[in-house]
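Structural features, examined
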Amino acid sequence: MKAVLVFQGLSQFLPVQVSFSRLTFLTHSNHSDRVFRNHHRRFNHLASMVGSFDVGAVPFNPDGWGPPDSATPTTNLPSNVPFAPFSRSDKLGRIADWTRNFNNPTRSKNPSDAVFDFTNDDSFPASAADDASFRLVDGKPPPRPKFGPKWRFQQQRQLPQRRDEEVEAKKREQEKERARRDRLYHLNRSNPNAPRREAAVFKSSVDIQPEWNMRDQIPFSTFSKLSFTVPEPEDLQFCGALEYYDRTYDRITPKSDRRLERFKNRNFFKVTTTDDPVIRRLANEDKATVFATDTILSTLMCAPRSVYSWDIVVQRVGNKLFFDKRDGSQLDLLSVHETSQEPLPEAKDDINSAHSLSVEAAYINQNFSQQVLVRDGNKVTFDEPNPFANEGEEVASVAYRYRRWKLDNDMYLVARCEVQSVLDVNKQRSYLTLNALNEFDPKYSGVDWRQKLETQRGAVLATELKNNANKLAKWTAQALLASADMMKLGYVSRIHPRDHFNHVILTVVGYKPKDFAAQINLNPNNMWGIVKSIVDLCMKLDEGKYVLVKDPSKPQVRIYQVPADAFENDYVEEPLPEDEQAQPPAEGAEGGEATATTNDVVDANQIENQA
């Protein structure tokens, strides 16, 4: 039943549909009598306002929903009321959607809206004209739901499907990358008898001759169980001069980087043990039994972390033992990505090959160690000058610290250790070692230093520890041997990934050697245990010359007995390409012995720069 109510205060009549059944329900509720009387009074008032009218007969359809198919002529129904039949399984959409625009031909119609869509019905001939004259007052878009996916009520239903396809594609790429890394990892690590990655890239560092006699082989697995404690060392001699460290480099960031300079006039010396005049004098004075350099000792101490092949010449003379580097050896070159799972290009002419990156890393370290100094002429000098430099020759800032450790009651070891700079902290002199990590192409490491160094420096260092574990361990061992108070690590990157001549310093970070050794799990007792076991093994050998070679394909070292004139016949036993051979000394140099000790790394860098 319908009634029209007039509300006071309104200027219009509002049609309101009133259901008597609702009022009847209210009268039968369990309210109090007062509430019942109020409802009854309102009902009587409403009934008095409603006039009498004929409801009409509503036909009954026993066969289904809605009116019957053929209504009788007596049916009193409103004319021109369309009816769209539907079943119970049909999905009902919006009954009244004022936001739809049917004038857009590109719009895809939703089938669920067709149930109540009468725009094309013939019973509404003037619907088009009415729609054209209709203007929606509220033009704001419908409010978005607070919960659930944002695309739920959007018109383009393909967006969620397309988004899912992109997610699935990314997942597939990640799975492929993970499977590839797992395959490389198991190939290099799981089977110790399988050829490792470096076997396909590098051969042995020295050609093993048929007449050489192998005396022993030591697997790396035995090194991890060794331990030996040495007392504090004593300083026998201090030589050279040091420049002060420039603290402004501690404030460098990737946004305020500095160009790496070139120091072609400063000479660097990497002299082997038996060519060192100070060690010769100490040997003649019977100051020790074993003699070596910090580079050779750090190579032995960190041997279990090495992947590339290396070799060390061992000479037993009387009761003394000398550890030397072979002429033309690449022991002074710095490896790059040695312990990485990503293989480097095998072609030597590639700027990202292992050999090219080693030469580049040595060039960067030399220049970095001199650039971060205060070059105002103020130096800290020691008892003796640089033992390898001629008078008036400009040399790099370096101090040689000859130290002696006690290995046994009648066995001492003397080693030449190096520090590159000095710094006054709280009126106390602190010695520093300076080294530089180099970034050549972010795609190999997966970490872009320019983006991660400021926000994720720990992640950058962790990546370098994974890819260059042996190199960082050797630097730490050298700092511990020299008793350096601080080791400075510089992060140097190429200006462009394809330009290996120009570099920039992105930042410099300082670490205490003992703390850094604990961080990278480098145990000093284990380091000295390895050295002590190799010394004991070599002391049991007969007098002569031997070579200690790291196997290129297996984690082990071998000891070969070689002729006394080995490695002294103009590299007949190990022919090398011209670009890898040690270059002759520069013309006009005086003093044969001192000139011959010039670092081979500088000569190799000059070859690279001239190329």
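Residues numbered from 1 in each chain as written. Predicted model: local features only at pLDDT ≥ 70, side-chain atom pairs only at ≥ 80, totals over all residues. Heavy atoms only, no water.

With that settled, consider helix H12 (residues 457–467). Regarding H12, the residues found buried are Val460, Leu461, Thr463, Glu464 and Asn467. End-on, the buried residues of H12 take up no more than an arc of 160°, which puts them together on one face. Across H12 from its buried face, at more than 90 degrees, point the exposed residues Gly458 and Lys466. (Buried < 20%, exposed > 50% of the residue type's maximum accessible area, 1.4 Å probe, protein only. Helix = DSSP H or I, 4+ residues; strand = E, 2+ residues; numbered from the N terminus. Arc of directions from axis to C-beta.)

This paragraph deals with the pattern of salt bridges. One side chain can pair with another of opposite charge once the charged atoms of both are near each other. Under the defined criterion, the tally for this structure stands at 17 salt bridges. Among the ionic pairs, aspartate 311 bridges to arginine 326, the shortest N-O distance being 2.9 Å. In this pair, aspartate 311 is assigned in strand E7 (residues 311–317) and arginine 326 in the loop between strand E8 (320–324) and helix H9 (354–371), connecting sequence segments 15 residues apart. For the pair shown, aspartate 311 and arginine 326 are each scored as buried. Between aspartate 332 and lysine 325 there is a salt bridge whose closest N-O contact spans 2.2 Å. On the basis of relative accessibility, which here comes to 16%, the residue aspartate 332 falls in the buried class. When its relative accessible area of 15% is taken as the criterion, lysine 325 is described as buried. The network of salt bridges with shared partners includes Asp235, Arg401 and Arg403. (Salt bridge = Lys/Arg side-chain N within 4 Å of Asp/Glu carboxyl O.)

Between its terminal C-alpha atoms helix H15 (residues 524–539) stretches 22 Å, which fits the 22 Å expected from 16 residues at 1.5 Å a residue. Where H15 begins, the side chain of asparagine 523 points an oxygen toward the backbone nitrogen of asparagine 525, at a separation of 3.2 Å. (Expected span 1.5 Å × (residues − 1). Polar contact = N/O pair within 3.5 Å; in protein donor to acceptor, adjacent residues only side chain to side chain.)

Let us look at the packing of helix H8 (residues 294–301) against helix H13 (residues 469–481). Axis separation between H8 and H13 bottoms out at 9 Å; the angle between their running directions is 125°. Judged by the angle between their axes, H8 and H13 are oblique. Regarding H8 and H13, the two cross each other, and that crossing is right-handed. Where H8 approaches H13, its residues Asp294, Thr295, Leu297, Ser298, Thr299 and Met301 are matched on the opposing element by Lys474, Ala477, Gln478 and Leu481. (Axes fitted to C-alpha atoms, helices over the stretch in contact; angles between N-to-C directions. Parallel < 35°, antiparallel > 145°, perpendicular 65-115°, else oblique. Left-handed = near helix turned anticlockwise from the far one by under 90°. Contact = heavy atoms within 4.5 Å.)

Here glutamate 360 shows up in helix H9. With a relative accessible area of 4%, glutamate 360 lands in the buried category. Within the local environment of glutamate 360, its side chain forms a polar contact with the side chain of arginine 494, the two groups lying 2.7 Å apart.

The ten strands are arranged E3-E17-E16-E7-E8-E6-E11-E10-E4-E9 in an open sheet whose pairing can be described as mixed. Of all strands in the sheet, those bounded by a partner on one side alone are strand E3 (213–219) and strand E9 (379–381). Pairwise comparison of adjacent strand axes, ignoring direction, gives a mean angle of 20° for this sheet. (Pairing = 2+ DSSP bridges.)

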